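These are the residues of each chain, in order.
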Amino acid sequence: MSLGTIFDIAGSGMTAQSLRLNTTASNIANAETASSSTEGTYRARKPVFAAIQQSMLNPDQQTFGVSQQEGAGAGVRVEGIVESDAELQMRYEPNHPAANEDGYVFYPNVNVVEEMADMMSSSRSFQMNVDVMNTAKSMMQRILTLGQQ
């Protein structure tokens, strides 16, 4: 693995964590939206990630004597966003404008505490990828200064 591919790997991680942060923010923003039916109720969304293997990115890559491990990682990609199938919250609020004929209002299956923990985790993962990129950049700058001495 060359030093340049580190930017691709960290960049794909940053993209994935950014999407994770956006879906988490969407879940928190819609945590208290009410609906009169189960079909119209917002459902929590979660991104699904998959590892990209190095051999898929560069099948003809030369290893130049360095043994490349089978299945070496090359980043992450977003497979999609899935809706949670957890049970919706049904509350008896007959005076609510969105109440159905039985007086029940449906609320999303969003756990705000879990979403906040997910938000902190994705934020820290994003920051770790930024740190990886900054470290790789400083290593490349250091390599360039070696020839000047």
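Going by the structure above, here's the rest.
Residues numbered from 1 in each chain as written. Predicted model: local features only at pLDDT ≥ 70, side-chain atom pairs only at ≥ 80, totals over all residues. Heavy atoms only, no water.

Trainee: Please explain the packing of aromatic side chains as it appears in this structure.
Mentor: How two aromatic rings sit relative to each other is set out by the distance from centre to centre and by the angle between their planes. Applying the stated criterion to the full structure yields one aromatic pair. Pairing Tyr92 with Tyr104 gives two aromatic rings, centres 5.4 Å apart and planes at 65°, and the pair type is edge-to-face. Taken as a pair, Tyr92 in strand E3 (residues 89-92) and Tyr104 in strand E4 (residues 104-107) lie far apart in primary sequence, twelve residues in all. Judged by relative accessible area, which is 54%, Tyr92 ranks as exposed. For Tyr104, a relative accessible area of 29% corresponds to the partly exposed category. The ring of Tyr107 carries the charged tip of Arg91 above its face, separated from the ring centre by 3.9 Å. (Phe/Tyr/Trp six-rings, centres within 6.5 Å; stacked < 30°, edge-to-face > 60°. Helix = DSSP H or I, 4+ residues; strand = E, 2+ residues; numbered from the N terminus. Buried < 20%, exposed > 50% of the residue type's maximum accessible area, 1.4 Å probe, protein only. Lys NZ or Arg CZ within 6 Å of the ring centre and 35° of its normal.)

Trainee: Looking at this structure, I do not really get the side chain of Ser35. What am I missing?
Mentor: Secondary-structure assignment places Ser35 in the loop between helix H1 (5-29) and strand E1 (45-53). For Ser35, a relative accessible area of 11% corresponds to the buried category. Discounting chain neighbours no more than four positions away, the residues touching Ser35 are Gly40, Thr41, Ala98, Val105 and Phe106. (Contact = heavy atoms within 4.5 Å.)

Trainee: Would you mind showing me how to read the pattern of salt bridges here?
Mentor: Should their charged atoms come close, side chains of opposite charge can pair. Under the counting rule described, the total for this entry stands at seven salt bridges. In this structure, Glu83 engages Arg45 in a salt bridge whose closest nitrogen and oxygen atoms are separated by 3.2 Å. Taken together, the residues span a long stretch of sequence, with Glu83 in strand E2 (residues 73-83) and Arg45 in strand E1 at a distance of 38 residues. Taking relative accessible area as the criterion, Glu83 reaches 47% and is therefore assigned partly exposed. By relative accessible area, Arg45 is classed as partly exposed at 28%. Two residues, Glu114 and Lys46, come together in a salt bridge whose shortest N-O distance is 4.0 Å. Here Lys46 lies in strand E1 and Glu114 lies in helix H3 (residues 112-146), a separation of 68 residues in the sequence. Overall, Lys46 belongs to the partly exposed group, its relative accessible area being 24%. (Salt bridge = Lys/Arg side-chain N within 4 Å of Asp/Glu carboxyl O.)

Function cannot be read off these values alone, since they describe shape.
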